[in-house]
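# Structural overview
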Amino acid sequence: MTTIPNTPGIGLRLAHLAEMVATRPAAGWLEVHPENFLANPHAAELLAELSAQYPISVHTVGISVGSATGIDRMHLKRIRELVNQIKPIFVSGHLAWSTYGAEYLNDLLPLPYNEETLQIVSAHVNEVQDTLGLPYLIENPASYVGFHSSTMQETEFLRRLVQHAGCRLLLDVSNVVVSAHNMGFDAHQYMDDFPAAAVVEMHLGGFTPEEDEATPGAEIWIDTHAAAIAERSWDLYEYTLRRWGAKPTLIEWDNELPSLATLLGEAGHAQRIAVAIGREAVHAKAR
Ligand SMILES: [Fe+2]
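Let me begin by describing the structure that accompanies this report. Here the structure is a predicted model, which means the values were calculated and not measured.

In this section: the sheet that holds strand 7 (residues 137-139). Taken together, the eight strands give a closed barrel; going around it, the order is 1-2-3-4-7-8-9-12, and neighbouring strands pair in parallel fashion. Across the sheet, the mean angle from the axis of one strand to that of its neighbour is 30 degrees, orientation sign disregarded. Two strands pair when backbone bridges link them, and strand 7 and strand 8 (residues 168-172) are joined in this way by three bridges, in the parallel orientation. The residue bridging I138 from the neighbouring strand is L169, located in strand 8. Each of strand 1 (9-11), strand 9 (199-205) and strand 12 (249-252) is contacted by helix 9 (residues 260-286), which is oriented at about 140 degrees to strand 1, the strand it contacts most.

The next point concerns empty space enclosed by the protein. On inspection of all chains with the given rule, the structure shows two cavities of 30 Å³ or more. The volume enclosed by the largest cavity comes to roughly 40 Å³. Lining the largest cavity, in full, are T60, V61, G62, I63, S64, H94, A96, W97, S98 and L108. Among the residues making up the lining of the largest cavity, the classes are represented as five nonpolar, five polar and no charged. Of the pockets and cavities examined, the second largest cavity occupies roughly 30 Å³. The wall of the second largest cavity is formed by G62, I63, S64, I71, D72, H75 and L76. Counted by class, the lining of the second largest cavity contains three nonpolar, three polar and one charged residues.

Looking now at the packing of aromatic side chains. Following the criterion strictly, the structure yields seven aromatic pairs and no others. With a centroid separation of 5.6 Å and 35 degrees between ring planes, the pair formed by Y190 and F194 is classed as tilted. Its relative accessible area of 8% is what places Y190 among the buried residues. Members of the aromatic cluster, connected to one another through ring pairs, are F185, Y190, F194 and W244.

So, about the coordination of the iron ion. For the iron ion, every protein donor is listed as E139 (OE), D172 (OD), H203 (ND1) and E252 (OE), and the spread of their distances is 2.1 to 2.3 Å. Note that the iron ion binds four donor atoms; their angles at the metal cover 86 to 170 degrees, and the shape is irregular. Counting residues between consecutive donors of the iron ion along the chain gives the motif E-x32-D-x30-H-x48-E. Residue E139 is found in strand 7, and its partner E252 is found in strand 12; the two are separated by 113 residues along the sequence. Across the pair, E252 and E139 agree in class, each one buried.

In this section: the pattern of salt bridges. Per the stated rule, a full pass over the model turns up eight salt bridges. Salt-bridge contacts for R73 lead to E127; the nearest nitrogen and oxygen are separated by 2.6 Å. Here E127 lies in helix 4 (residues 115-132) and R73 lies in helix 3 (residues 73-86), a separation of 54 residues in the sequence. Looking at R73, the relative accessible area reads 54%, which means it is exposed.

What follows is about helix 1 (residues 14-23). Of all the residues in helix 1, the buried ones are H16, L17, M20 and V21. Viewed along the axis of helix 1, the buried residues span an arc of 140 degrees, placing them on a single side of the element. Among the exposed residues of helix 1, those pointing more than 90 degrees away from its buried face are A15, A18 and A22. Along its buried surface, helix 1 packs onto strand 2 (30-32), helix 2 (41-50) and helix 9. Among the residues trailing helix 1, R24 stands out with phi positive, at a value near 45 degrees.

Procedures and definitions
- Along each chain, the written sequence defines residue order, and numbers are assigned to residues from 1.
- Thresholds applied to this predicted model are a pLDDT of at least 70 for local features of residues and 80 or more for the giving and counting of side-chain atom pairs; totals over whole chains, interfaces and linings are not thresholded and use all residues.
- Processing note: side-chain calculations cover all non-hydrogen atoms of the structure and skip hydrogens and water entirely.
- Any two strands between which DSSP finds at least two bridges are classified as paired.
- By definition, any uninterrupted DSSP run of H or I lasting at least four residues is a helix, any uninterrupted run of E lasting at least two residues is a strand, and each is numbered from the N terminus.
- Angles shown run from 0 to 180 degrees and are taken between the N-to-C directions of axes, each axis being a line fitted to C-alpha atoms and, for helices, limited to the stretch in contact.
- Note on definitions: a residue-residue contact is assigned when non-hydrogen atoms from the two residues lie within 4.5 Å.
- Cavities and pockets are defined on a 1 Å grid built over the protein atoms alone: a cavity is a set of grid points where a 1.4 Å probe fits but cannot escape, while a pocket is an open set with protein on both sides within 12 Å along at least five of seven lines, and lining residues are those with an atom within 4 Å of any such point.
- Grid points are joined across faces, edges and corners, and a volume is the space filled by probe spheres set on the points.
- The nonpolar class holds Ala, Val, Leu, Ile, Met, Phe, Trp, Tyr, Cys and Pro. Asp, Glu, Lys and Arg form the charged class, and all remaining residues, Gly among them, are polar.
- Planes of paired rings set the category: under 30 degrees apart is stacked, over 60 is edge-to-face and the rest tilted, where pairs are Phe, Tyr or Trp rings (Trp by its six-membered ring) whose centres lie within 6.5 Å.
- Between buried and exposed lies partly exposed: a residue is buried under 20% and exposed over 50% of the maximum accessible area for its type, with that area taken using a 1.4 Å probe on protein chains only.
- Counted as coordinating are nitrogen, oxygen and sulfur atoms within 2.8 Å of the metal, or 3.2 Å for Na, K and Ca, while water is not included, which may make sites look incomplete.
- Irregular is the default label, applied whenever a site is not tetrahedral (four donors, all angles between 85 and 135 degrees) and neither square planar nor octahedral (four or six donors, opposite donors over 155 degrees apart, all other angles between 65 and 115).
- Throughout this description, the term salt bridge denotes a Lys or Arg side-chain nitrogen within 4 Å of a carboxyl oxygen of Asp or Glu.
- Arc definition: it is the arc formed by the directions from the helix axis to the C-beta atoms.

Below, the structure is given as structure tokens:
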């Protein structure tokens, strides 16, 4: 069985795949979107090669657990084949919907947090876990809108989803920063309320402030994964590690991709924060 890494990892995109195979830099682990490999046998072969050296996690973008019309079983089975081949340390996806019947909407769309959604998402998470034979990690979304039909907070919804479906959670720290800004809640309070015991992975990614067309003069923050990690995200990451201790952490950067070295530099920054907080904890115990 692969050991869970305590060094931060990086999202591996196709543009860096050949360089990664050729140079084999030190990286704690790699996370891939399986959808990039399903119709690309050469890339899948290179990934299988890398999986002999690096722990790999699989972050799905096409499994729509929030769709009222059900999930695409054919797609899920294709993911199972890749999962069986590379034996990932984690398989994760989003608390969102992105399909309607056979239509793929190419976006992660929001859900109201109520009993009906909980039943739908729980049933689909169960189906994913049964098909893959692995726990599925659900990621908190970056939010831009809320729903009048929501009857509970996101943290409460996730806590109940863990109870219902027996899944685990992926906490995206930058999504909390983005949602807190856009929705006007306190990011630290969100972390205090989050079901920490269920978190087995954390994400850090870049976002982009844009003018909010609905409110002149105001900014909306977009989870673009097209920029360096913002200071606010690093600060919230520190706060969270102080409360919970270290968790496997991954740097996500999908658009306007920087060099592999820059990505690894961001992972190094996360590592320095985790080490410093670990030392603080040891000193505090010794006192
Ligand atoms: Fe994420």
